[in-house]
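# Report on the structure
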Amino acid sequence: MCIRDREAAPPTPQLTISYSPETVYVHDVVTITVTAEGSPVAGASVTIVDPDGVSIERVTTSAGTCSFTADKTGIWTVTASKSGYTDAQVAIEVSARPAVTEWTIELSEGWNLISLPLIPDSTNITEILSDANLASGNHSNLSMVYYYNASADTWLWYTPIPAGTLTTMVDGLGYWVYADSADVLTVHGTQMPPGLELPPTYDVVEGWNMIGFKSTVDMPYDTYLISIAGDYAVIYGFDADAQEYFSVYPLPYHPMMEPGHGYWIWMSTDGTIVPV
């Protein structure tokens, strides 16, 4: 008597996880992509476990993606699952970001609202805006620089003659720079002060302030400005290519603050920005 073998159930499709960027540093936003047989998988449950064992839950979009901010160094474990599929898991190593000692700021023709993402080696404005630090090799290409001193309610200015009341450029402040033609400025400095010096903080006063963004990674405005949360009403950035303002808050057209950019912020009271 022959007994027919039961037909084996067809294998379930295997989920696959990929991520970007390929090398992940602390504070990077990591994008997870879940696919199966080369196609994105929407609605997959993604469990992200940080190095301390804390779990974050995400669900993939129609493009098969989700994201998280890697706010700790160490090994992060990502698991994807969905009914009818075989689970997938990957380990992502998050490393400390290498020290940055120089940064390039692209300048469009016309006005640019910029800031120094590093603590400059020299605060002398003529050294920062020197021929050697400009791709054009011509410091006269930057024909005007303005800074609004909110405490004194006055404008300071600099021209490459050199002349003016503005003699320094420092981290934490925003500056208007007029470029006669597009250029690239290289800033030299450090991310943190040396030795026994305290980490930087930046005072702001009630009313309008021109602030900088002292960071080498993009960051949500409410993360960078956490020390003054609830004390500001409006934040504007400036699109140098379009030569027009855009809203950062309260209508977040562009809620991420970017290295090298300066911003206008309206404060309802005095405060101190403590960069994170």
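Fair warning: this is a prediction, and the values are worked out from it, not measured in the lab. (Residues numbered from 1 in each chain as written. Predicted model: local features only at pLDDT ≥ 70, side-chain atom pairs only at ≥ 80, totals over all residues. Heavy atoms only, no water.)

Let's shift gears to the overall build of the protein chain. Check the secondary structure of the protein chain and you find two helices and 25 strands. Dimensions of the protein chain, computed from the C-alpha atoms along their principal axes, are close to 105 × 40 × 40 Å. Per-residue burial over the protein chain gives 39% buried out of 276 residues. Residue pairs at least 24 apart in sequence account for 67% of intrachain contacts in the protein chain once pairs closer than 6 positions are excluded. Looking at the protein chain as shown, the accessible area adds up to about 14,500 Å², and 53% of this sits on carbon and sulfur atoms. Each charge sign in the protein chain was given a centre, from 7 positive and 32 negative side chains, and these centres are 25 Å apart. (Helix = DSSP H or I, 4+ residues; strand = E, 2+ residues; numbered from the N terminus. Buried < 20%, exposed > 50% of the residue type's maximum accessible area, 1.4 Å probe, protein only. Contact = heavy atoms within 4.5 Å. Areas by Shrake-Rupley, 256 points an atom, 1.4 Å probe, with all protein chains shown as cover. Lys, Arg positive; Asp, Glu negative; His and termini not counted. Charge placed at Lys NZ, Arg CZ, Asp CG, Glu CD.)

If you walk across this open sheet you meet the four strands as S19-S24-S21-S22, and the pairing is antiparallel. Two strands close off the open sheet at either side, each with one partner strand: strand S19 (207-211) and strand S22 (244-249). Geometrically, the sheet is characterised by an average inter-axis angle of 25° between neighbouring strands, direction not taken into account. Relative to strand S24 (residues 263-267), strand S21 (residues 232-239) runs antiparallel, the two being bridged by four bridges. For Tyr236, the partnering residue across the bridge sits in S24 and is Trp264. (Pairing = 2+ DSSP bridges. Axes fitted to C-alpha atoms, helices over the stretch in contact; angles between N-to-C directions.)

Let's shift gears to the pattern of salt bridges. Throughout the structure, instances matching the rule amount to three salt bridges. Its salt-bridge partner being Lys72, residue Asp52 comes within 3.0 Å of it at the nearest N-O pair. With Asp52 in the loop between strand S5 (45-49) and strand S6 (55-59) and Lys72 in the loop between strand S7 (65-69) and strand S8 (74-81), this pair connects stretches of sequence that are 20 residues apart. On the basis of relative accessibility, which here comes to 58%, the residue Asp52 falls in the exposed class. Its relative accessible area of 26% is what places Lys72 among the partly exposed residues. (Salt bridge = Lys/Arg side-chain N within 4 Å of Asp/Glu carboxyl O.)

As a further point, take the packing of aromatic side chains. Applying the stated criterion to the full structure yields 21 aromatic pairs. Taking the centre distance of 5.3 Å and the plane angle of 50° together, the rings of Tyr148 and Trp155 count as tilted. With 6.0 Å between their ring centres and 25° between their planes, Trp208 and Tyr236 make a pair best called stacked. Highlighted residues: Trp208 in strand S19 and Tyr236 in strand S21, separated in sequence by 28 residues. By the ring-pair criterion, three or more aromatic residues cluster together here, those being Trp111, Tyr146, Tyr148, Trp155, Trp176, Tyr178, Trp208, Tyr236, Phe238, Tyr245, Trp264 and Trp266. (Phe/Tyr/Trp six-rings, centres within 6.5 Å; stacked < 30°, edge-to-face > 60°.)

Moving on, we get to the environment of Glu127. Within the secondary structure, Glu127 is located in helix H1 (residues 125-128). Relative accessible area serves as the criterion here: at 45%, Glu127 is assigned to the partly exposed category. Sequence-wise, Glu127 and Val54 are 73 residues apart; in three dimensions their C-alpha atoms are separated by 47 Å. Contacts of Glu127, omitting those with residues within four sequence positions, involve Ser122 and Asn133.

Here the focus is unusual backbone geometry. Of the consecutive residues Ile161 and Pro162, the connecting peptide bond is found in the cis state with omega at 0°. Following Tyr249, the chain continues into Pro250 via a peptide bond in cis, with omega recorded as 10°. Within the secondary structure, Pro250 is located in the loop between S22 and strand S23 (256-257). Phi is positive for His27, which is not a glycine, with a value near 80°. Note that His27 resides in the loop between strand S2 (24-25) and strand S3 (29-36). A positive phi angle, near 55°, is found at Glu37, a position not held by glycine. Inspection of the secondary structure assignment puts Glu37 in the loop between S3 and strand S4 (39-40).

That's the geometry; what it means functionally is another story.
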